[in-house]
Amino acid sequence: MEQDVESPVTIQQPIKLPKQAREDPVRSKCSKRKIQRYVRKDGKCNVHQGNVRETYRYLSDIFTTLVDLKWRLNLLIFIMVYTVTWLFFGFIWWLIAYIRGDLEHIGDKKWNPCVDNLNGFVSAFLFSIETETTIGYGYRVITDKCPEGIILLLVQSVVGSIVNAFMVGCMFVKISQPKKRAETLVFSTNAVISIRDGRLCMMFRVGDLRNSHIVEASIRAKLIKSKQTKEGEFIPLNQTDINVGYDTGDDRLFLVSPLIISHEINQHSPFWEISKAQLPKEDFEIVVILEGMVEATGMTCQARSSYVTSEILWGHRFTPVLTLEDGFYEVDYNSFHDTYETNTPSCSAKDFAELVSRTEMPLSWSVSSKLNQHEEIINEESGKTHETQTERNGDVANVESESKF
């Protein structure tokens, strides 16, 4: 047995372990650390891609790469592509004129140049811009005595069309991106936990600031929390679905006025055993995702936000923001994020459900016992009346014989 323990096979350790596996899970649970957001309040994901070696994949989809760049880089690339293209073809036009000797016969009316009035690199650059942008001022024109110039004209026209389609398409897609539409979809600053219809619920509010609505709007929620499996595997930032009505269809929203999204804390909820005192000690994040199509463009839009434990208010409700005016409803967005306190038990939803069932069971027992006692009394009275009737009719002997049989 000692040999088995001391054998190098059993004590061999992996050469390199992930960072999560190298950390002691027991110590990490005991040590309280600051919660790092997975999704920021503005909806941007707080994740950076590091040690990406296959960078060629970004170049294989260069169009999406350019669209995803920041505006200053995108504009810089837009200007540089056109400038480099004009300079390149301008240099080719100047080189053709230099090789043919057009620059040596400037002003010679008997000489047939490739391009009229091309007397240097600057004029060749201007002619390149006029050719690619089809401006055509009419001062510099190509002649029919230059076959190489005709071929270059065809090449520049085709390349210029491709550059225009690519760069203008890139700018158009970037301008029409639905990300800016998500700026007018707002989420409440805090989430709340309170009683609704006799059930403990976690709620947050969403709203749309524009008059043009989001078509086919739907809401989802995810619980982001690290976990350790029964086999000892550590899963960082594990994602768990939070039911906000996908089984009943309540997750399909008609987002005309602000709506309160409710999650019932039941046996299937990850908050089933969390109480008010235990909530600040938890280390999790709730990510909410609102999706839909922009009514004006038909493009899909997605808005995101998140709530950490410090942003979940126990025992609060949202202040109403919708009022009825003369012929219309008015939404007061000044009170969109406001909440007020309400009577809410501080125990977990599990303890609250047990408490409610305990208070209801004695009532059911008393009713059933009363019903059983009443039924027994009726049976006894009916039996007595039957015996008295048989005795009066003189059929006692027949009754006794039938009972013996």
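My aim in this report is to walk through the structure given alongside it, one point at a time. All figures in this text were calculated on a predicted structure; none of them were measured in a lab. (Residues numbered from 1 in each chain as written. Predicted model: local features only at pLDDT ≥ 70, side-chain atom pairs only at ≥ 80, totals over all residues. Heavy atoms only, no water.)

With respect to the overall build of the protein
Okay, so step 1: Counting its regular elements, the protein contains 10 helices and 14 strands.
Okay, so step 2: Across the 405 residues in the protein, those meeting the buried criterion constitute 30%.
Okay, so step 3: Counting every atom, the protein has about 27800 Å² of accessible surface; 56% of that belongs to carbon and sulfur. (Helix = DSSP H or I, 4+ residues; strand = E, 2+ residues; numbered from the N terminus. Buried < 20%, exposed > 50% of the residue type's maximum accessible area, 1.4 Å probe, protein only. Areas by Shrake-Rupley, 256 points an atom, 1.4 Å probe, with all protein chains shown as cover.)

Quick look at the packing of aromatic side chains
Okay, so step 1: A full pass over the atoms with the stated rule returns 10 aromatic pairs.
Okay, so step 2: When the ring of Phe204 is compared with that of Tyr307, the centres are 5.9 Å apart and the planes differ by 40°; the resulting orientation is tilted. With Phe204 in strand β3 (residues 199-208) and Tyr307 in strand β9 (residues 300-308), this pair connects stretches of sequence that are 103 residues apart. Of the two residues, Phe204 and Tyr307, neither departs from the other in class, the shared state being buried.
Okay, so step 3: Among the aromatic residues, those joined into a ring-pair cluster are Phe78, Tyr82 and Trp86.
Okay, so step 4: Looking at Lys174, its charged tip hangs above the ring of Trp71, at a distance of 5.3 Å from the centre. (Phe/Tyr/Trp six-rings, centres within 6.5 Å; stacked < 30°, edge-to-face > 60°. Lys NZ or Arg CZ within 6 Å of the ring centre and 35° of its normal.)

Details of the layout of surface pockets
Okay, so step 1: By volume, the largest pocket is sized at about 1400 Å³.
Okay, so step 2: Along its surface, the largest pocket is lined by 34 residues, and Gly43, Lys44, Cys45, Lys179 and Arg304 are the ones closest to its centre.
Okay, so step 3: If you list the elements that add at least two residues to the lining of the largest pocket, you get α5 (62-68), α8 (147-175), β1 (185-187) and β9.
Okay, so step 4: Counting residues per element, the lining of the largest pocket draws most heavily on β9, which supplies six residues.
Okay, so step 5: Grouping the amino acids of the lining of the largest pocket by side-chain chemistry returns 13 nonpolar, 10 polar and 11 charged.
Okay, so step 6: Two domains each provide a minimum of three residues to the lining of the largest pocket, namely domain 1 (57-176) and domain 2 (181-353). (1 Å grid on protein atoms, 1.4 Å probe; cavity = no way out; pocket = protein on both sides within 12 Å on 5 of 7 lines; lining within 4 Å. Points joined across faces, edges and corners; volume = space filled by probe spheres on them. Nonpolar A, V, L, I, M, F, W, Y, C, P; charged D, E, K, R; others polar. Domains from an automatic or database assignment.)

Let's talk about the packing of helix α7 (residues 121-133) against α8
Okay, so step 1: Here α7 crosses α8 at 65°, and the two axes come no closer than 8 Å. For the pair α7 and α8, the sense of crossing is right-handed. Listed contacts from α8 to Ser128, Thr131 and Glu132 of α7 are Leu153, Gln156, Gly160 and Asn164.
Okay, so step 2: Along the lines of polarity and charge, the residues of the contact of α7 with α8 split into one nonpolar, five polar and one charged. (Axes fitted to C-alpha atoms, helices over the stretch in contact; angles between N-to-C directions. Left-handed = near helix turned anticlockwise from the far one by under 90°. Contact = heavy atoms within 4.5 Å.)

As for the state of the cysteines
Okay, so step 1: All chains considered together, the criterion is met by one disulfide.
Okay, so step 2: Disulfide partner of Cys114: Cys146, at an S-S distance of 2.1 Å. Handedness of the Cys114-Cys146 disulfide follows from its S-S torsion of about -75°: it is left-handed. Taken together, the residues span a long stretch of sequence, with Cys114 in the loop between α6 (71-100) and α7 and Cys146 in the loop between α7 and α8 at a distance of 32 residues.
Okay, so step 3: Judged by relative accessible area, which is 1%, Cys114 ranks as buried.
Okay, so step 4: On the basis of relative accessibility, which here comes to 0%, the residue Cys146 falls in the buried class. (Disulfide = S-S within 2.5 Å.)

Looking at a positive patch on the surface
Okay, so step 1: Residues Lys44, Lys70, Arg72, Lys179 and Lys180 make up a contiguous surface patch of positive charge.
Okay, so step 2: Checked against the element boundaries, Lys180 lands in the loop between α8 and β1. (Patch = residues over 30% accessible without salt bridge, like charges linked within 9 Å, V, L, I, M, F, W, Y side chains within 5 Å. Salt bridge = Lys/Arg side-chain N within 4 Å of Asp/Glu carboxyl O. Lys, Arg positive; Asp, Glu negative; His and termini not counted. Charge placed at Lys NZ, Arg CZ, Asp CG, Glu CD.)

Considering the pattern of salt bridges
Okay, so step 1: This model, assessed by the stated rule, comprises 13 salt bridges.
Okay, so step 2: Residue Asp208 is joined to Arg181 by a salt bridge in which the shortest nitrogen-to-oxygen separation is 3.0 Å. With Asp208 in strand β3 and Arg181 in the loop between α8 and β1, this residue pair connects regions lying 27 residues apart in the sequence.
Okay, so step 3: Taking the shortest distance from any N to any O, the salt bridge between Asp241 and Lys222 comes out at 2.5 Å. Of the two residues, Asp241 is situated in strand β5 (residues 234-241) and Lys222 in strand β4 (residues 214-228); the sequence distance between them amounts to 19 residues.
Okay, so step 4: The class of Asp241 is partly exposed, set by a relative accessible area of 48%.

Quick notes on the nonpolar core
Okay, so step 1: Formed by 37 residues in total, the largest nonpolar core has its most connected members in Phe204, Ile219, Phe271 and Ile286.
Okay, so step 2: Mapped by element, the contributors of at least two residues to this core are β1, β2 (191-196), β3, β4, β8 (285-294), β9, β10 (312-314) and α9 (349-392).
Okay, so step 3: The greatest single-element share of this core, amounting to five residues, is contributed by β4.
Okay, so step 4: Phe89, Leu118, Ala124 and Leu152 belong to the second largest nonpolar core, which has 11 residues in total. (Core = buried A, V, L, I, M, F, W, Y, C linked by side-chain atoms within 4.5 Å.)

Considering the packing of α6 against α8
Helix-helix packing is characterised by the crossing angle of the two axes and by the distance between the axes.
Okay, so step 1: Close contact between α6 and α8 brings their axes to 11 Å; oriented N to C, the two are set at 175°. When the interaxial angle is binned, α6 and α8 end up roughly antiparallel. (Parallel < 35°, antiparallel > 145°, perpendicular 65-115°, else oblique.)

Some thoughts on unusual backbone geometry
Okay, so step 1: Despite not being glycine, Thr134 shows a phi value in the positive range, around 55°.
Okay, so step 2: Relative to the assigned elements, Thr134 resides in the loop between α7 and α8.

Concerning empty space enclosed by the protein
Okay, so step 1: Throughout the structure, instances matching the rule amount to one cavity of 30 Å³ or more.
Okay, so step 2: Approximately 50 Å³ is the volume found for the largest cavity.
Okay, so step 3: Lining the largest cavity are Ile193, Met202, Ile265, Phe271, Ile274, Leu279, Phe284, Ile286, Ile312 and Trp314.
Okay, so step 4: In the lining of the largest cavity, the residues fall into 10 nonpolar, no polar and no charged.

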